[in-house]
Amino acid sequence: MIDQPEVLWNWYHHQFEILDQTTLLKGEDSPTYLSSETVAKRIAMQDKAIKLIFILRHPTKRTISNYLHLLKSGRAIYSLEDTLRYNPNSIIRRSLYKEQL
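In this report, we go over the structure that sits alongside the text. (Residues numbered from 1 in each chain as written. Predicted model: local features only at pLDDT ≥ 70, side-chain atom pairs only at ≥ 80, totals over all residues. Heavy atoms only, no water.)

### Notes on a nonpolar patch on the surface
Right, on to step 1. Together, Ile43, Ile50, Leu52, Phe54, Leu56 and Leu101 make up a nonpolar patch on the protein surface, roughly 520 Å² of accessible area in all.
Right, on to step 2. Mapped onto the elements of the fold, Leu52 is located in the loop between α2 (37-44) and α3 (59-72).
Right, on to step 3. With relative accessibility at 48%, the residue Leu52 sits in the partly exposed group. (Patch = residues over 30% accessible without salt bridge, like charges linked within 9 Å, V, L, I, M, F, W, Y side chains within 5 Å. Areas by Shrake-Rupley, 256 points an atom, 1.4 Å probe, with all protein chains shown as cover. Salt bridge = Lys/Arg side-chain N within 4 Å of Asp/Glu carboxyl O. Helix = DSSP H or I, 4+ residues; strand = E, 2+ residues; numbered from the N terminus. Buried < 20%, exposed > 50% of the residue type's maximum accessible area, 1.4 Å probe, protein only.)

### Some details on the packing of aromatic side chains
Right, on to step 1. Counted by the stated rule, this structure contains 1 aromatic pair.
Right, on to step 2. The interplanar angle of 65 degrees and the centroid separation of 5.1 Å between the aromatic rings of Tyr12 and Phe16 together place this pair among those described as edge-to-face.
Right, on to step 3. Owing to a relative accessible area of 27%, Tyr12 belongs among the partly exposed residues under this scheme. (Phe/Tyr/Trp six-rings, centres within 6.5 Å; stacked < 30°, edge-to-face > 60°.)

### Some remarks on the environment of Thr63
Right, on to step 1. By secondary structure assignment, the location of Thr63 is in helix α3.
Right, on to step 2. A sequence separation of 15 residues divides Thr63 from Lys48, and the C-alpha atoms of the two residues are 34 Å apart.
Right, on to step 3. Those residues in contact with Thr63 that lie beyond four places of it in its chain are Ile91, Ile92 and Ser95.
Right, on to step 4. Within polar-contact distance, the side chain of Thr63 engages the backbone oxygen of Pro59 at 2.9 Å. (Contact = heavy atoms within 4.5 Å. Polar contact = N/O pair within 3.5 Å; in protein donor to acceptor, adjacent residues only side chain to side chain.)

### Some points on α3
Right, on to step 1. For α3, built from 14 residues, the straight-helix expectation of 20 Å at 1.5 Å per residue is met to within 8% by its first-to-last C-alpha distance of 20 Å.
Right, on to step 2. Within the span of α3, buried status applies to Arg62, Thr63, Asn66, Tyr67 and Leu70. Around the axis of α3, the buried residues are gathered within 140 degrees of arc, so they sit on the same side. Opposite the buried face of α3, by more than 90 degrees, sit the exposed residues Lys61 and Lys72.
Right, on to step 3. On its buried side, α3 packs onto α4 (80-86), α5 (89-92) and α6 (97-100).
Right, on to step 4. Downstream of α3 by a residue or two, Gly74 has a phi angle that is positive, lying close to 80 degrees. (Expected span 1.5 Å × (residues − 1). Arc of directions from axis to C-beta.)

### Topic: the side chain of Thr83
Right, on to step 1. The topology assignment puts Thr83 in helix α4.
Right, on to step 2. Residue Thr83 is classed as buried on the basis of its relative accessible area, which comes to 8%.
Right, on to step 3. Residues in contact with Thr83, not counting those within four places in the same chain, are Tyr67, Tyr78, Pro88, Ser90 and Ile91.

Here you go:
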């Protein structure tokens, strides 16, 4: 399926069929799409006029929010300072927008 752009397009387009049929624009938001190489490849293979809009948080605020999310879910085992010192990529990587865009 990954190498069949039309199948991917039809599946994605089908996700919005419950919307008003007169709606010209369809889409969604997701904080994970920007960091996904798979999503980027699937979008790039489409022969369609696709517009992408990126609304980015301040990188520092996004990093702290990521840490707090990990803390709440029990996946952060160190303080913010120690995480930044010993394993910074665990919370900073997705805030590095330049390499993702």
